[in-house]
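Geometric and topological summary
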Amino acid sequence: RSLVVVHFWAPWAPQCAQMNEVMAALAKEHMQVTFVKLEAEAVPEVSEKYGISSVPTFLFFKNSQKVDRLDGAHAPELTKKVQRHMSSSSVSAGSNDSAKEDLNARLKKLINAAPCMLFMKGSPKEPRCGFSKQMVEILNKHGITFSSFDIFSDEEVRQGLKTYSNWPTYPQLYVAGELIGGVDIVKELEASGELDTVCPKAQKLEDRLKNLINKAPVMLFMKGSKQVAKCGFSKQIIEIINSTGVDYETFDILEDEEVRQGLKTYSNWPTYPQLYVKGELVGGLDIVKELKESGELLPILKGEN
């Protein structure tokens, strides 16, 4: 059989029991897939070989080769991965070259997703190996802004990136799309004082807020966007500004917790939405309503008052 899904589980973990039920339902739906349960602690040498550090963990095998992995009780993701590998099994071998091209394009996109990209085991908040933890600590110590990708979340990326970058281990650090190296190289750069020149520094929050406030002559900090307001107050203020015909830009504070909290302190204004004209705070919905009623809103938005 082409696809085998192995569930590393433990009888004491309730989430494993739930995922066993999900797996049983999937087995009925996909008769051609083999589903196997392995008690992780009963087979320590196997668990160690495949890096099983928590349960539930699912490994996917095709032709005796591991092709994917899923850590945690994520039923929708398990279903998605089973369906994806099922469909790729039915694709002819002649499509291997195009699949490789697709993967390389995806890897290139991931590497360039941020000026500084870290491919690691786990996340910056929860590193899942000592080397990844050391790397995060060094970058944070130097105030370096970076985005990360958890290679445990995608086996295709995990294996593909080793070949793509010709670097066999993780973590891997990239700056401006170029591989810098692993933790040893980063330690060397730190010791020589070069790390601060190689990696982009974190922009101070106050500078960032100033830049955002002055991004456009009229800036609205709100929940959601012009197209989809995500609270009643934001919806009302957009309707009022739209009625003036004045051009403006918005920033969704739900997308950035640092900005959401920092702007309250910076502007000494505790709620959202917040409207700024030429870098100066006008106020929230109530003030904008009052200005509209008094006829002062349009001149203020145009910067005449």
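Residues numbered from 1 in each chain as written. Predicted model: local features only at pLDDT ≥ 70, side-chain atom pairs only at ≥ 80, totals over all residues. Heavy atoms only, no water.

Under the annotation held in an unreviewed UniProt entry, the chain carries the name Glutaredoxin-3 and is attributed to Phoenicopterus ruber ruber.

With that out of the way, let us pick up the overall build of the chain. Along the chain, the regular secondary structure elements total 13 helices and 12 strands. Taking 305 residues into account, the globule formula puts the C-alpha radius of gyration at 19 Å, and the chain, at 25 Å, lies well above it. C-alpha extents for the chain along the principal axes are approximately 75 × 55 × 45 Å. When each of the 305 residues of the chain is scored for burial, the buried share is 40%. Put simply, 63% of the contacts in the chain that link residues at least 6 apart link residues at least 24 apart. With an accessible surface of roughly 16800 Å², the chain has 51% of that area assigned to carbon and sulfur atoms. Here the chain carries 37 positive and 40 negative side-chain charges, and the mean point of each set is 3 Å from the other. (Helix = DSSP H or I, 4+ residues; strand = E, 2+ residues; numbered from the N terminus. Rg over C-alpha atoms; globule rule 2.2 N^0.38 Å. Buried < 20%, exposed > 50% of the residue type's maximum accessible area, 1.4 Å probe, protein only. Contact = heavy atoms within 4.5 Å. Areas by Shrake-Rupley, 256 points an atom, 1.4 Å probe, with all protein chains shown as cover. Lys, Arg positive; Asp, Glu negative; His and termini not counted. Charge placed at Lys NZ, Arg CZ, Asp CG, Glu CD.)

Our next topic: the sheet that holds strand β4 (residues 65-71). Strand order in this open sheet of 4 strands is β2-β1-β3-β4, and the pairing throughout is mixed. Edge positions in the sheet fall to β2 (34-39) and β4, since each of these pairs with one other strand and no more. Direction aside, neighbouring strands of the sheet carry axes that sit 20° apart on average. With 6 bridges connecting them, strand β3 (residues 57-62) and β4 associate as antiparallel partners. Bridge pairing links Phe-61 to Lys-66 in β4. (Pairing = 2+ DSSP bridges. Axes fitted to C-alpha atoms, helices over the stretch in contact; angles between N-to-C directions.)

If you walk across this open sheet you meet the 4 strands as β10-β9-β11-β12, and the pairing is mixed. Two strands in the sheet have a free side with no partner beyond their single neighbour: β10 (249-252) and β12 (280-283). On average, adjacent strands in this sheet sit at an angle of 30° to one another, irrespective of strand direction. Contacts between helix α9 (residues 205-213) and the sheet are confined to β9 (218-222), β10 and β11 (274-277), with β9 contributing the most and set at about 120° to the helix. Where helix α11 (residues 257-267) meets the sheet, it contacts β9, β10, β11 and β12, and its direction lies at approximately 65° from that of β11.

Here we take up the pattern of salt bridges. In this structure the tally under the stated criterion is 15 salt bridges. When the shortest N-O distance is used, the salt bridge between Asp-154 and Arg-106 registers 2.6 Å. Taken as a pair, Asp-154 in the loop between β6 (147-150) and α6 (155-165) and Arg-106 in helix α4 (residues 96-111) lie far apart in primary sequence, 48 residues in all. The exposure class assigned to Asp-154 is buried, which follows from its relative accessible area of 7%. The structure contains a network of salt bridges with shared partners spanning Lys-66, Glu-155 and Arg-158. (Salt bridge = Lys/Arg side-chain N within 4 Å of Asp/Glu carboxyl O.)

Examined against the element boundaries, Lys-62 turns out to sit in strand β3. The buried charged residue Lys-62 lacks any salt bridge, with Asp-68 as its nearest oppositely charged partner at 8.6 Å. From its side chain, Lys-62 meets the backbone oxygen of His-85 in a polar contact 3.1 Å long. (Polar contact = N/O pair within 3.5 Å; in protein donor to acceptor, adjacent residues only side chain to side chain.)

A separate point is α11. Three or more residues of α11 are buried, namely Val-259, Gly-262, Leu-263 and Ser-267. One side of α11 holds all its buried residues, which, seen down the axis, span an arc of 115°. If you follow the buried residues of α11, they end up packed against α9, β9, β10, β11 and β12. The N-capping residue of α11, defined by a side-chain oxygen 3.1 Å from the backbone nitrogen of Val-259, is Asp-256. In the stretch just after α11, Asn-268 is the one whose phi turns positive, near 55°. (Arc of directions from axis to C-beta.)

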